[in-house]
Amino acid sequence: MSFEPQLPQWGLDDFKKHLDKLIEYHNWLKDTATKTGLISKKTDQFIWDEFIVHSLYFAKLLKKYKNLKECEIIDLGTGAGIPGIPISIVNKTNVSLVDNKQKRIYELERLVKILNLKNAIPKKKDANTILKDAKNSVIVMRCYVSTSNVLKLLEKKQFKENNLTIFVSSNSKSSDIFNKMFHVKQEKFFINKNNFRYIDVITDM
Ligand SMILES: C[S@@+](CC[C@H](N)C(=O)[O-])C[C@H]1O[C@@H](n2cnc3c(N)ncnc32)[C@H](O)[C@@H]1O
């Protein structure tokens, strides 16, 4: 089957104008990121659907839940820049790309120059430290840590009114979760004609 860099209906209006740069990032993922071990070898279509379209839904939700003029976005456990790079392509807001592996940060520093992304900032840091100290932040995470583990960590730190919004990719359907400090709403979306995914949106109350 030939590769089709399609945008789902939900992304046409917002993201079509960024298609060329998203395809440039797709090419980097399939060449450089694969050769340097940032991602394992995948088909072109898999890279497009699972890495790029999936990331674009984070960007869509950011617009739905936050006034982006007021915030910095932090992508924890970014790896090859997923979802942070597509978010920085379609938004002007600054996006910190955080990973604790220096090799990944070096590759991301080269990538942001290639794509001429002034608002994507690779940072070598420990995600747990950032999560513990988080305040007035918007955090995105894909395939890094589960929603329940994020909640456990935040509860331990006795967070209150820290103005946190956290978007976490999720594998399974769950009903809305309530606990004393946080509300979790699950958002479901199609990454292509046949497959859907979930992102959990955690907000403090
Ligand atoms: C499974 S990969 C996911 C990468 C990317 N978000 C994606 O969706 O493909 C997890 C990433 O988290 C990074 N990581 C693991 N522990 C970390 C920590 N304590 N702080 C920051 N990054 C960490 C790893 O180096 C790796 O790049």
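Keep in mind that what you see is a predicted model, and the values were worked out from it rather than measured.

A. Quick look at the overall build of the chain. Scanning the chain from N- to C-terminus turns up seven helices and eight strands. Compactness check: the chain gives a C-alpha radius of gyration of 16 Å against a globular reference of 17 Å for 205 residues, within 12% of the reference. Its C-alpha atoms give the chain principal-axis dimensions of about 50 × 35 × 30 Å. Looking at the chain residue by residue over its 205 residues, the buried ones come to 35%.

B. Representation of the site of the ligand in the model. Around the ligand sit 15 residues in total, of which Gly77, Gly79, Asn100, Ala127 and Arg142 are the nearest. Of all the elements in the fold, those that place two or more residues in the shell around the ligand are strand E2 (95-99) and helix H6 (127-133). A breakdown of the residues in the shell around the ligand according to their chemical character gives five nonpolar, five polar and five charged.

C. Quick look at the pairing of strand E8 (residues 196-204). In the sheet, strand E5 (residues 164-170) pairs with E8 via six bridges, with the strands oriented antiparallel. When the sheet's bridge partners are listed, valine 168 is paired in E8 with aspartate 200. Pairing of strand E7 (residues 182-190) with E8, which is carried by nine bridges, proceeds in the antiparallel orientation. The residue of E8 that forms the bridge with histidine 183 is threonine 203. Counting the residues between successive antiparallel strands, the hairpin from E7 to E8 contains five residues.

D. Seen up close, the pairing of strand E4 (residues 137-141). When you tally the buried positions in E4, you get four out of five residues, the bulk of the element. The pairing of strand E1 (residues 73-76) with E4 spans three bridges and is classified as parallel. Residue isoleucine 74 lies in a different strand from E4, and its bridge partner there is isoleucine 139. Of the strand pairs in this sheet, E4 and E5 are connected by five bridges, and their pairing is parallel. Bridge assignment links valine 138 to a residue of E5, and that residue is threonine 165.

E. Inspection of unusual backbone geometry at higher detail. For the bond from isoleucine 82 to proline 83, the omega torsion is 10 degrees, close enough to zero to count as cis. Assignment of secondary structure puts proline 83 in the loop between E1 and helix H4 (84-90). A positive phi is found at asparagine 116, a non-glycine position, where the angle reads about 55 degrees. Here asparagine 116 shows up in the loop between helix H5 (102-114) and strand E3 (120-124). Notably, cysteine 143 is not glycine yet its phi reads approximately 55 degrees, a positive angle. In this fold, cysteine 143 is placed in the loop between E4 and helix H7 (147-156). On the basis of neighbour count, cysteine 143 is assigned to the partly exposed category, with 15 C-beta atoms found within 10 Å.

F. Spatial organisation of the nonpolar core. Counting residues in each nonpolar core, the largest one holds 48 residues, and the members touching the most others are Ile52, Phe58, Ile87 and Ile139. At ten residues, the largest contribution of residues to this core is made by helix H3 (residues 44-65). Residues in contact with isoleucine 139, not counting those within four places in the same chain, are Ile74, Leu76, Ala134 and Ile166.

G. Region of interest: helix H2 (residues 19-35). The first and last C-alpha atoms of H2 sit 24 Å apart over 17 residues, in line with the 24 Å expected at 1.5 Å per residue. Leucine 29 marks the point of greatest bend in H2, at about 35 degrees. Buried residues of H2: Leu22, Tyr25, Trp28, Leu29, Lys30 and Ala33, and no others. The secondary structure elements touched by the buried residues of H2 are H3, H4 and H5. A positive phi of about 80 degrees marks glycine 37, the residue just after H2.

Reading guide: rules and limits
- Residues numbered from 1 in each chain as written.
- Predicted model: local features only at pLDDT ≥ 70, side-chain atom pairs only at ≥ 80, totals over all residues.
- Helix = DSSP H or I, 4+ residues; strand = E, 2+ residues; numbered from the N terminus.
- Rg over C-alpha atoms; globule rule 2.2 N^0.38 Å.
- Buried ≥ 20, exposed ≤ 12 C-beta atoms within 10 Å, placed from the backbone.
- Near = placed C-beta within 6 Å.
- Nonpolar A, V, L, I, M, F, W, Y, C, P; charged D, E, K, R; others polar.
- Pairing = 2+ DSSP bridges.
- Core = buried A, V, L, I, M, F, W, Y, C linked by C-beta atoms within 7 Å.
- Contact = placed C-beta atoms within 7 Å.
- Expected span 1.5 Å × (residues − 1).
- Bend = angle between axes of the 7 residues up to and from the residue.

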